[in-house]
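Structure at a glance
Okay, here's what each chain looks like letter by letter:
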Amino acid sequence: MPIKVLVVDDSGFFRRRIAEILDSDSGIEVVGSAENGEQAIARVRELDPDVVTMDIEMPVMDGITAVRKIMAENPRPILMFSSLTTEGAQATLDALEAGAVDFLPKRFSDMASDEDSARMLLRRRVRSLSRSRARSVSAPGSSAPAREARPNARREEADRVAADARKQAPPVVSTRPKTPLRQMRAVLIGTSTGGPVALQEVLKPLPASFPLPILLVQHMPASFTPAFAERLNAMCNIEVRQAKDGDVLKPGVALLAPGGMQTTLERGSQTLVRISESPLGTIYKPSVDAAFASAVDALRGQVLAVVLTGMGADGREGARALKAVGAQVWSQDAATCVVYGMPAAVAEAGLSDHVYPLPEIGPALVKGIC
């Protein structure tokens, strides 16, 4: 059965463009469209789409309000289209908090270097989100029951397959003993799709006195990371801010890697953060692999690396390098991921010391490190 998509936008031109791109994939079918949030809610009830693409600014009812209502009544994966501006960043983060699971730039030139790549990215994103668990999550603060799109048996089966893969994976040979949590010098967290909400859940339980510095690597455009850092700082006990070149890692401070650049660590009398341009052809900006790999020399094995929800396998090779020098690696479990890609890559390579449901990661950090 093809993936059913509802396209929501007040621009007829944009609706037709998105429909044309998605319908060119035999595995995707655009089953309808809507011009505003109010229509979108009605069409979701009527058409039961697998994925909804949603504009933010629309007449009658805006996209954020529509997302909140859809996720309270008929939860399913919602992909936002956003402008890459400061205002667009704030609105997109609001939409993600309301229950949307991912976003893409509305200008295709911001999405990829050429039209064909942008079209492929959109189709791939819709395919990935159709397999996500977003349907089973109610809107934040909603008491409405969520419709379970992935039954417990399927969750257990996915976790069992991952566990079997870990057993079959070649062991990672460490030249040093595993570093105990209380001897760690930093926590490094990497994530992508679903990460903005996941990071909030991980960081909120941490006390202001959390004894380790934290580096956050979230796949996100450059115009979004300052607003995201400010939002995290406002809701967390620890300090959160966007990293700058030359920053020193400090206990109780989480530094967010700037979008569009690479963030690495450098060893010295103190551990320094380095921000640099991405080499030509780099896919992820920032890259979890690059940040993790830099910690091998900068912090040796005294690192706890955590890989959260996200598409692809960014973080796997960096985790492999860290494990070889005695670091510990945690990953999020399949059942609580928006997209079980990055954590799956780590777990299935036999690199995870622990696999936790998302709500347990923050408390486990407090218990293991404080």
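Scope of this entry: the structure provided in the associated data block. (Residues numbered from 1 in each chain as written. Predicted model: local features only at pLDDT ≥ 70, side-chain atom pairs only at ≥ 80, totals over all residues. Heavy atoms only, no water.)

Topic: the sheet that holds strand β14 (residues 354-356)
Taken in spatial order, the seven strands make up an open sheet running β8-β9-β7-β6-β12-β13-β14, and their pairing is parallel. The sheet terminates laterally at β8 (239-242) and β14, the two strands that pair on one side only. On average, each strand axis in the sheet is inclined to that of its neighbour by 20 degrees, with strand direction left out of account. Where strand β6 (residues 186-191) and strand β7 (residues 214-218) come together, five bridges link them in parallel fashion. (Pairing = 2+ DSSP bridges. Helix = DSSP H or I, 4+ residues; strand = E, 2+ residues; numbered from the N terminus. Axes fitted to C-alpha atoms, helices over the stretch in contact; angles between N-to-C directions.)

Concerning unusual backbone geometry
A cis geometry characterises the amide bond from Lys285 onward to Pro286, with omega recorded as 15 degrees. With respect to the helices and strands, the residue Pro286 is situated in the loop between β11 (272-276) and α10 (288-299). If you check the backbone angles, Val60 has positive phi at about 70 degrees while not being a glycine. Following the sequence through the fold, Val60 ends up in the loop between β3 (51-55) and α3 (63-73). The exposed category is assigned to Val60, whose relative accessible area is 63%. Within the chain, Arg300 stands out as a residue other than glycine whose phi angle is a positive 55 degrees. Mapped onto the fold, Arg300 is located in the loop between α10 and β12 (303-307). (Buried < 20%, exposed > 50% of the residue type's maximum accessible area, 1.4 Å probe, protein only.)

Observations regarding α3
An α-helix turns once every 3.6 residues. As a result, residues three or four positions apart point the same way. Three or more residues of α3 are buried, namely Gly63, Ile64, Ala66, Val67, Ile70 and Met71. Seen along its axis, α3 keeps its buried residues to an arc of 160 degrees; they face one direction. Residues of α3 that are buried make contact with α2 (37-47), β3, β4 (78-82) and α4 (86-98). N-capping of α3 is provided by Asp62, with a side-chain oxygen placed 2.9 Å from the backbone N of Ile64. (Arc of directions from axis to C-beta. Contact = heavy atoms within 4.5 Å. Polar contact = N/O pair within 3.5 Å; in protein donor to acceptor, adjacent residues only side chain to side chain.)

Details of the pairing of strand β13 (residues 328-332)
The element β13 is extensively covered by neighbouring structure, given that five of its five residues are classed as buried. What you see with β13 is no split at all: Gln328, Trp330 and Gln332 on one side and Val329 and Ser331 on the other are buried throughout. Of the strand pairs in this sheet, β12 and β13 are connected by four bridges, and their pairing is parallel. In the sheet register, Val306 faces β13, and the bridge partner there is Trp330. Bridging between β13 and β14 involves three bridges; their strand directions are parallel. Each residue of the ladder has a partner; that of Ser331, found in β14, is Val355.

What about the sheet that holds β3?
If you trace the five strands from one edge of the open sheet to the other, you get β2-β1-β3-β4-β5, paired in parallel fashion. At either margin of the open sheet sits one strand with a lone partner, and together these are β2 (28-34) and β5 (102-105). With direction set aside, neighbouring strand axes in the sheet form an average angle of 25 degrees. One ladder, built from four bridges, connects β3 with β4; its direction is parallel. In the sheet register, Met54 faces β4, and the bridge partner there is Met80. Packed on one face of the sheet, α3 meets β3 and β4 and runs near 155 degrees to β3.

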